[in-house]
Amino acid sequence: MNVPLVDLRAAFAPVKEEVFREFEKILDGMQLFQGPNTVALEEEFASYCGAAHGMAVSNGTDALFAALMAAGVGPGDEVITPAHTFFATIEAIIHIGAVPVFADVERDTLTLDADAVREAVTEKTRAIVPVHLYGQAADMDPILAVAREHGLRVVEDAAQAHGAKYKGRPCGSLGDVASFSFYFTKNLGGVGEGGFVSTNDAEIAEQVRLLRHHGHVSKFEHAIVGYNLRMDELQSAVLRAKLPHLDANNAKRRCHAARYDALFADTPITIPTARPDREHVYHCYAMRTPRRDEMADWLGEHGVGTGIHYKNPGHLQPALSKHPHRAGDLKNTVEACRALISLPMFPELSDEQIDYVGARVKEFLASQAI
Ligand SMILES: Cc1ncc(COP(=O)(O)O)c(C=O)c1O
């Protein structure tokens, strides 16, 4: 049996006909920027996130960049964030000219540790960027409390957390502003690149709108020096078609995770922690195992796709040697990078496929006498 890490064809199949019909309409009309699909997506996804404003943009990296800039983060400001994240989180901070300050993640949830954040605050700190990693919200209340005490902005990196909830509230409206990625492997993914900024702050929203479209306010008038961070109308049509399926797909991911959890109950594997006060949407099923790299090879040889999220922590990336940054004690981050492996996770996974993956994992453990 072959079980891929993700199955992009299966993800597109249910919306294929609807999308093709919409593509035909769009390409007949040729309104390719801020057309009806983009405008509607902005309303629909913002409302899904419990946010008053939504701006569709080019990708998740640009979304975070624009969110930070619109929130007033600038050159020389310190931004506290985890090093256990996709490198894009760090790039967005550095492209602003700000200094990433890495705080450790909690050992179990692998999201930003509020105590570590508190220790990292200095008089230069301007913002905190918690990452809702693998589809589970960071522990936002204590993070927001630190932010309130020190007058900091909180910018959620929700690239992996479409539909995830914290204490009943959706990611995307928990801080001052949030960024999402619609990269095609994401829980809500397009057929190319895409991103989104959501916020309840009208000024931040206005600033993001200016930044994404060359500071354009009216014909021939540019209020600020902006960027081209636009989403195109075709991509918006795909995302709009997929949005109504998101909750059902996330529920399927939770069922698959529960099946994996049960299969590994009597093994030395540490299953992902899902806190009861959060709704995890399992963008990844990232578990800890002994002999991680050997397991990845074994599973690959037996037709099972795996991922490693992430092998090298952000603060140890060669790129950072050229940029100012600071790192606290990141022992949980470093340990996670050594032990985590992501198993196949997508809504269309069958029980048979999950059982096959579970059986191969157990065979590997037995072969190593673990
Ligand atoms: C945590 C996180 N932040 C930011 C990004 C960047 O998103 P994009 O690839 O759409 O630029 C990603 C994408 O994988 C991500 O996982």
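Rules used throughout
Residues numbered from 1 in each chain as written. Predicted model: local features only at pLDDT ≥ 70, side-chain atom pairs only at ≥ 80, totals over all residues. Helix = DSSP H or I, 4+ residues; strand = E, 2+ residues; numbered from the N terminus. Rg over C-alpha atoms; globule rule 2.2 N^0.38 Å. Buried ≥ 20, exposed ≤ 12 C-beta atoms within 10 Å, placed from the backbone. Contact = placed C-beta atoms within 7 Å. Near = placed C-beta within 6 Å. Nonpolar A, V, L, I, M, F, W, Y, C, P; charged D, E, K, R; others polar. Pairing = 2+ DSSP bridges. Axes fitted to C-alpha atoms, helices over the stretch in contact; angles between N-to-C directions. Parallel < 35°, antiparallel > 145°, perpendicular 65-115°, else oblique. Left-handed = near helix turned anticlockwise from the far one by under 90°. Domains from an automatic or database assignment.

*Asks:* Explain the overall build of the protein chain residue by residue, including any values.
*Replies:* Summing up its helical and strand segments, the protein chain has 13 helices and 15 strands in all. Taking 2.2 N^0.38 as the reference for a compact globule, 370 residues should give roughly 21 Å; the C-alpha atoms of the protein chain span a radius of gyration of 21 Å, in line with that estimate. Overall, the C-alpha framework of the protein chain stretches about 70 × 55 × 35 Å when taken along its three principal axes. Considering the protein chain as a whole, with its 370 residues, one finds that 51% of them fall into the buried category. A separation of at least 24 residues holds for 71% of the contacts in the protein chain among residues at least 6 apart in sequence.

*Asks:* For the site of the ligand, give the residues involved together with the corresponding values.
*Replies:* Around the ligand, the surrounding shell holds 15 residues, and the nearest of these are Gly 60, Thr 61, Ala 88, Ala 159 and Ser 181. Of all elements in the fold, only α4 (60-70) and α5 (87-96) reach the threshold of two or more residues within the shell around the ligand. With three residues, the single largest contributor to the shell around the ligand is α4. Here the shell around the ligand is built from residues that sort into six nonpolar, eight polar and one charged.

*Asks:* Which residues make up the sheet that holds strand β7 (residues 169-170), and what values do they have?
*Replies:* Read across the sheet, three strands follow the order β7-β6-β12 without closing on themselves; strand pairing throughout is antiparallel. The strands lining the two open edges of the sheet, one partner per strand, are β7 and β12 (278-279). Here strand β6 (residues 165-166) pairs with β12 via two bridges, running antiparallel. Paired with Lys 165 across the bridge in β12 is Glu 279.

*Asks:* How would you explain the packing of helix α3 (residues 36-48) against helix α9 (residues 233-242) if you had to name every residue and give the values?
*Replies:* Between α3 and α9, whose axes approach to 8 Å, the crossing angle comes to 45°. Overall, the two elements α3 and α9 adopt an arrangement that is oblique. Of the two elements, α3 crosses α9, and the hand of that crossing is left-handed. For the pair α3 and α9, the contacting residues are Asn 37, Thr 38, Ala 40, Leu 41 and Glu 44 in the first and Glu 233, Ser 236, Ala 237, Leu 239 and Arg 240 in the second.

*Asks:* Kindly report on the domain arrangement of the protein chain, identifying the contributing residues and their values.
*Replies:* What the domain assignment reports for the protein chain is domain 1 (8-244) and domain 2 (246-367). For domain 1 and domain 2, the distance between their C-alpha centres works out to 24 Å. Between domain 1 and domain 2, the contact holds 42 residues from the first and 37 residues from the second. Elements supplying a minimum of two residues to the side of domain 1 that touches domain 2: α1 (8-12), α5, β3 (99-103), α6 (114-120) and β6. Partitioning the side of domain 1 that touches domain 2 into residue classes produces 24 nonpolar, nine polar and nine charged.

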